[in-house]
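Listed below, chain by chain, are the residues.
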Amino acid sequence: METTAGGLVTARAEVAALDDHGVVGALSGLINGPGYWTWGGTLAGIERTGRYLAGTWDPDAPDGDPGKAGEGSWARFIGRIGAVALRAAAPSTPEEGRQRLLALLEFWAEGPFADPEARLRTGVVRPAEDAPQAVRDERGAAVAVGWAGRDGRKFIDLRMGDADPPSLGTIEEVHEVPRGWGSAEQLRRLVGLVRERGPVPWDPEAVALLRDGTGMGRAAASFALAGLFDRMHVLRREVLRLKVAEAEDGGSELARLTPLERLELLADVLPEDPAELWEPQGMREVAERIAEAWRERYGRRTVVPERTHNAVVELQMLRLSAAAFCAAFTNPTAEPGLSAPVDSWIKCADHGPMVTDAKARWDVAMFEDRLLSIVPNLFWVYAELPAGDLVREGAPGLVRVFQERLNHPGLLLDAGTLNRKVGSSVAELHERFGYQPYAGPVRLDVASIDDGLTVVADGVVDRRGDLTRTRLFFRPAFYGADERSRALTGARADSRYDRELGFVEWLRGPDCARIVERIESAALPVGAYESNPAASAPDVLAQVAGGLGIAEDAAALYLQLLVLPAPTDRNVRTWNGWKTAQHQKAAAVLVERGLVVEDKRPRAGRQVFLPGEWIHAKKPYQPMEAWKADLIGVERSYNGRLENPLPLPTRTLPELFAHAWALVENGAGPSA
């Protein structure tokens, strides 16, 4: 027994030397409440707890504290230590973190946590007043871990005989610990091999196996195979051979998994003999076991082509990962928020009334995430993915699922804040919306009105003492062309962030219907792109070529520059199937005829542009020519830049190509 400089007792000085803030990073994603882990003593606290339970260490005082370690979620490592071991062996784990994990595995192997015969339990206890932090007698021992809260305190106990071990108070919840991979022998062998051979070599083929076996994206599969499962590990992307956007998307894809779910998924994926990890097929077998465990828990998503997944990653959506986006198209009724009708209602929260549902806002939040991420990108799917692509072909079915969910009378969505020109409170809106108050399963503590379509709810005084804005909510099943709907749209504050009403209208309208019809018509051969007028609008292309007296390649490029928001060199060559020389030849013809100008412009990704004004934009918005922005309805911001999302389309691409050419023919085309 040794004493550290801080006065904490640990079994070994080398553990205390490692025991600092780096433990949080090493265990990040596998523990809860990292904010509670910012003080020293973590590894020593875990070690002392095990030694106290086993009876191999006594604190100085009879009721002394074996030592806290964070908020106690490390107790879930018992029977699931394989997840920690996988991370310790992975090449992406930083070396300072690896040393802390190896130290943890070493003393884990020496205590009762790795003993299959130890009769351990975990649970929650409501401590008696002035109860000790740990108790032990001939029946066994019990130790409180983490911090006391209103719902009790986590504990671990160990029974030595037939009788229950001593207790720290009234037991509220108790569980026998699982028994998975991680015997003392396995842990010692893995630690020794990592120290002798270094981390396990990275195997891209294992990543591909895991991706194919689960439908994960490549980045998420890489993170899973490395035992990472946490956004902070995006910083280790170079080792996993990932680009920044890929790594961020992979972290987003796995963010829905809780620390316990991550531990359970990886608990038993390592081989019986850890030495097999360094064999040529070692990590591929781990990948297959992870895939099997994943399918048992979450099923298997349709595997989309990697080029499609990567193209979706580049959209950089904030609400959805690329895998979730693609899954909504390939199997929408299996996705959260889309699988069944959503019943939602309003409750009061600290920042004012909000929409919730039976699953603590999970279902309605998942539905809103998909509505707000997918609808603005449906045109991209239609225009920039090839015919026959699994995601593109799934768009019509997904639109119908959205329409069905929006027609459910129990769905209530947020319509934004009240326009102050209309009023500022419920008391001023009775003439517009009536006098019937909202009646939901949860009582509102603020004044409200409910006319069947619209619910209006006053704000609340927040923690800073400010009164929040009056909010509007609506039932999309009853939204249409009636007087109530006009009353709602006229009462909303104009905000580009509250777009649900517009999305509902568009999904039900003729513009969306024509795009769906276009996809289902199979007008394009498999592999062709709607953005290539040679494939999607050959009649218009012939008119342009004949009207300008140029070859069809040059005419196709001209139409693309007129109409498409991002006709980058890479995109054009992908859509048209061109090599660089063919593209440059077509561009040279347009420059020679004075139809376009050559230039270099930030974030354009091309060298030729329509004549006239150029409008700048910062990410995620697309800079473009002013003539084109007006054509497709992109609004400028107050500063003259393009800082608004692309509008929902009003034409299919063949219609848009024809419209743009008609303007040019009539003398209303782009000009300097």
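About the criteria used
Residues numbered from 1 in each chain as written. Predicted model: local features only at pLDDT ≥ 70, side-chain atom pairs only at ≥ 80, totals over all residues. Heavy atoms only, no water. Helix = DSSP H or I, 4+ residues; strand = E, 2+ residues; numbered from the N terminus. Buried < 20%, exposed > 50% of the residue type's maximum accessible area, 1.4 Å probe, protein only. Contact = heavy atoms within 4.5 Å. Areas by Shrake-Rupley, 256 points an atom, 1.4 Å probe, with all protein chains shown as cover. Polar contact = N/O pair within 3.5 Å; in protein donor to acceptor, adjacent residues only side chain to side chain. Core = buried A, V, L, I, M, F, W, Y, C linked by side-chain atoms within 4.5 Å. 1 Å grid on protein atoms, 1.4 Å probe; cavity = no way out; pocket = protein on both sides within 12 Å on 5 of 7 lines; lining within 4 Å. Points joined across faces, edges and corners; volume = space filled by probe spheres on them. Nonpolar A, V, L, I, M, F, W, Y, C, P; charged D, E, K, R; others polar. Pairing = 2+ DSSP bridges. Axes fitted to C-alpha atoms, helices over the stretch in contact; angles between N-to-C directions.

Draft legend 1. Broad picture of the overall build of the chain. Scanning the chain from terminus to terminus reveals 28 helices and 17 strands. By principal-axis analysis of the C-alpha atoms, the chain measures approximately 95 × 70 × 40 Å. Counting all 672 residues of the chain, 53% fall into the buried class. By sequence separation, contacts in the chain at least 24 residues apart represent 68% of the contacts at least 6 residues apart. For the chain, the exposed area adds up to about 29,500 Å²; of that, 49% sits on carbon and sulfur atoms.

Draft legend 2. How the structure looks around the side chain of Asp 249. By the element assignment, Asp 249 lies in helix H9 (residues 244–254). Reaching out from Asp 249, the side chain makes a polar contact with the backbone nitrogen of Ala 322 at a distance of 2.8 Å. Here Asp 249 is in contact with His 309, Val 313, Leu 320, Ser 321 and Ala 322, once residues within four sequence places are set aside.

Draft legend 3. Representation of the nonpolar core within the structure. Core analysis: the biggest nonpolar cluster contains 106 residues, and Leu 507 and Tyr 558 have the highest contact counts within it. Looking at this core element by element, the count peaks at nine residues for helix H24 (residues 552–563). When residues no more than four places from it in sequence are discounted, the contact partners of Leu 507 are Leu 371, Val 375, Leu 378, Val 399, Phe 402, Gln 403, Leu 406 and Cys 512. Formed by 86 residues, the second largest nonpolar core is a distinct cluster that contains Val 24, Ala 118, Leu 158 and Leu 187.

Draft legend 4. Looking closely at empty space enclosed by the protein. Under the defined criterion, the tally for this structure stands at five cavities of 30 Å³ or more. Of the voids in this model, the largest cavity is the one considered here, and its volume is about 70 Å³. Along the walls of the largest cavity sit 13 residues, with Gly 215, Thr 302, Val 304, Ala 323 and Cys 326 positioned nearest its centre. Examining the composition of the lining of the largest cavity, we find that four residues originate from one element, helix H13 (residues 322–330), more than from any other. Taken together, the residues that form the lining of the largest cavity break down as six nonpolar, five polar and two charged.

Draft legend 5. Structural context of the sheet that holds strand E4 (residues 134–137). Ordered by their spatial adjacency, five strands build an open sheet running E4-E5-E6-E3-E7, and the pairing between neighbours is antiparallel. Across the chains shown, the open sheet's two edge strands, defined by having one partner strand only, are E4 and strand E7 (169–176). Taken over all neighbouring pairs, the strand axes of this sheet differ in orientation by 20° on average, direction set aside. Note: strand E3 (residues 119–127) against E7, seven bridges, orientation antiparallel. Within the sheet, the bridge partner assigned to Pro 127 lies in E7 and is Gly 169. Sheet strands touched by helix H3 (residues 42–54): E3, E4, strand E5 (140–149) and strand E6 (152–159). Its angle to E5, the strand with the most contacts, is close to 150°.

Draft legend 6. A look at unusual backbone geometry. The residue after Lys 619, namely Pro 620, is reached through a cis peptide bond having omega 5°. With respect to the helices, strands and loops of the structure, Pro 620 is situated in the loop between strand E16 (614–615) and strand E17 (624–625). Located in the positive-phi region is Gln 316, a residue other than glycine, with phi close to 50°. Looking at the secondary structure, you find Gln 316 in the loop between helix H12 (306–313) and H13. Among the residues examined, Gln 316 registers a relative accessible area of 43% and is labelled partly exposed. Phi at Arg 603 takes a positive value of approximately 60°, unusual for a residue other than glycine. Tracing the sequence through the fold places Arg 603 in the loop between strand E14 (597–598) and strand E15 (608–609). Given the relative accessible area of 34%, Arg 603 is considered partly exposed.

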